[in-house]
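Each chain, written out:
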Amino acid sequence: MTTRFENGIVVTLGNNNRVLWNATVVTDGELVTAVGDSAEMKRRFPDAKSVDCSGKIILPGFICSHHHFYSTMARGMAIPGEPAKNFVEILEKLWWKVDRALDEEDVLLSAQLPLVDCIRNGTTTVIDHHASPAARDGSLDVIETAVRQAGVRASLCYEVSDRNIMGGGIAENERFIKKVGKGDGQIAAMMGLHASFTLSDDTLEKCVGIAKQGEVGCHIHVAEDLADREDSLKKYNTTIVNRLNKLGATGKKSIFVHCVHIDENEMDVIARTATIVVHNPESNMNNAVGVTPILKMLQKGVLVGLGTDGMGSDMLVQMRCAYLLHRLANRDPRVAFMEAPQMLLQNNAEIAGRQFGLQLGQIAEGLPADLAILDYCPPTPLSEANFLGHLIFGLVDAVVDTTVCRGKILMQGKRILSMDEERLAARSRELAPKMWARLQELQ
Ligand SMILES: [Zn+2]
């Protein structure tokens, strides 16, 4: 079906960003077929279905480069015992119990609800990192079902870790990577790994071998906390990035999440191997682990993108958080104005491109029809020259009205069309207390 998303302000992004007033995006099937002046598009495509975007701004759908859908049911849960006093305790007291307490229906719902959130926030592509040791086998298929129902794009993987008393998850990744193969543009696969301090050389070698055979990247947390770095230096007498590079886990499809505590030599290895880094500012602040040296990495040519680490699905909020954090951390009001939007708009598009084999993050003829359409009446002139100012200080608070992915309208007039949000949330409210009770029993 051909559709005209018309009478809006279109921001094309891409290498030659254009801001077009009173403009229309025409989609046909999964692709954009034309972008231009609204009157002209109406003349050229008179029979197309019309979606009026007056008073709205049309952007490419947002991309989240690191998410944990499975964290959903922890919202509002009381954590047993004394409060965690450091990052390792946060894992031991919270996340390594949440994942073990999930059953198969929890896995499905805890993917469906953040997917609703993604649609609500115009996030059309997600790279997820999943763990559910008690409902592990087939869990990636369950999440795939949720993603297809939601209508967004997602790259999925299972978190392999030697700390798991219930077993690795290597086979779940291997099976899913083989099943997905080159992917269909909607679902992609990666090799999921927890972190250096919970993975032996033997496990890492096995996983890297599977990733290389399947031509996918490794998706691993790197130096999120100082404890991870110290563990590698103590046990292996080398830094994490050098350890992972020696074992073959670097490369242009691999994602090293966080990289808070890495040195310049490690940054150089990351840059040289074209490995991806994903920064999660809200999560780093929440876990009080430190400030990722993103400005230095970007200067060295590292592809640094932006994720939420399960904190939410609103990428504009994450972008502004990065902007504020790095201004404060560097005590320099000249920095991060370019870098924070660059991570979200350009780098995340490049990262997703490497996983899905698609050119995302841009509205142009022949490219995927993924759109985030927000209510926005600019109170000051808006053009290519000052778009970033509007992004950081205005659009971050604008409400998404319509979300389109692969040419399909997933939300219109703020109503989610592909999922029944109220029914899902009601069922999740029934299941969550049962999951919390199982969690209390875990040692
Ligand atoms: Zn994470």
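The shown structure was predicted, so the numbers you read here are calculated from the model rather than taken from an experiment.

*Asks:* What am I meant to see in the environment of Glu422 here?
*Replies:* Inspection of the secondary structure assignment puts Glu422 in helix α15 (residues 421–441). Between the C-alpha atoms of Glu422 and Ile63, which are 359 residues apart in sequence, the distance is 25 Å.

*Asks:* Help me out: how do you make sense of α15 in this one?
*Replies:* Two residues of an α-helix separated by three or four positions point the same way, owing to the 3.6 residues in each turn. Taking 1.5 Å per residue, 21 residues should reach 30 Å; α15 reaches 30 Å between its end C-alpha atoms and fits that length. At Leu431, α15 shows its largest kink, close to 25°, and the proline Pro433 lies no more than four residues downstream. Taken together, the buried positions of α15 are occupied by Ser428, Met435 and Leu439. Here the buried face of α15 lies against α2 (87–101) and α3 (104–120).

*Asks:* In this structure, what is going on with the domain arrangement of the protein? I would like to understand it.
*Replies:* Think of interface size as the accessible area that goes away when the parts come together; that is how it is often given. Looking at the protein, the domain boundaries give domain 1 (2–60 + 361–414) and domain 2 (62–356). Computed from C-alpha atoms alone, the centre-to-centre distance between domain 1 and domain 2 is 30 Å. If you look at the interface, domain 1 gives 18 residues, while domain 2 gives 22 residues. When contributions to the side of domain 1 that touches domain 2 are tallied by element, the ones reaching two or more residues are β15 (371–375), α14 (387–393), β16 (400–405) and β17 (408–412). Considered class by class, the residues forming the side of domain 1 that touches domain 2 number 12 nonpolar, 3 polar and 3 charged.

*Asks:* I tried to follow the packing of helix α5 (residues 170–180) against helix α6 (residues 201–214) on my own but got confused; where do I start?
*Replies:* In a packed pair of helices, the relevant descriptors are the angle between the two axes and the axis-to-axis distance. It is the contact of α5 with α6, at a shortest axis distance of 10 Å, that shows an interaxial angle of 5°. Taken as axis vectors, α5 and α6 run roughly parallel relative to one another. Here Ile170, Asn173, Glu174, Ile177 and Lys178 of α5 come into contact with α6, specifically with Lys206, Cys207, Ile210 and Gly214. Its residues assigned to classes, the contact of α5 with α6 comprises 4 nonpolar, 2 polar and 3 charged.

*Asks:* Would you explain the sheet that holds strand β14 (residues 303–306) in this entry?
*Replies:* The strands that make up a sheet are held in pairs by hydrogen bonds between backbone atoms, and each pair lies either parallel or antiparallel. Here we have 5 strands laid out as an open sheet, ordered β10-β11-β12-β13-β14, and parallel in their pairing. In this open sheet, the two edge strands, each paired with only one partner strand, are β10 (191–195) and β14. Neighbour to neighbour, the strand axes of the sheet diverge by 25° on average, direction disregarded. Here 4 bridges tie strand β11 (residues 218–222) to strand β12 (residues 255–258), and the two strands are oriented parallel to one another. Considered in β12, the bridge of Ile220 is made with Phe256.

*Asks:* Can you help me understand the sheet that holds strand β7 (residues 123–128) in this one?
*Replies:* In space, the 4 strands of this open sheet follow the order β6-β7-β8-β9, with parallel pairing throughout. The open sheet has two edge strands, β6 (62–67) and β9 (187–189), and neither has a second partner. Taking the axes of each pair of neighbouring strands and ignoring which way they run, one obtains an average angle of 15° across the sheet. Looking at chain direction, β7 and strand β8 (residues 153–156) are connected through 3 bridges and run parallel. Along β8, the bridge assignment pairs Thr125 with Arg153.

What counts, and where the lines are drawn
- Residues numbered from 1 in each chain as written.
- Predicted model: local features only at pLDDT ≥ 70, side-chain atom pairs only at ≥ 80, totals over all residues.
- Helix = DSSP H or I, 4+ residues; strand = E, 2+ residues; numbered from the N terminus.
- Expected span 1.5 Å × (residues − 1).
- Bend = angle between axes of the 7 residues up to and from the residue.
- Buried ≥ 20, exposed ≤ 12 C-beta atoms within 10 Å, placed from the backbone.
- Contact = placed C-beta atoms within 7 Å.
- Domains from an automatic or database assignment.
- Nonpolar A, V, L, I, M, F, W, Y, C, P; charged D, E, K, R; others polar.
- Axes fitted to C-alpha atoms, helices over the stretch in contact; angles between N-to-C directions.
- Parallel < 35°, antiparallel > 145°, perpendicular 65-115°, else oblique.
- Pairing = 2+ DSSP bridges.

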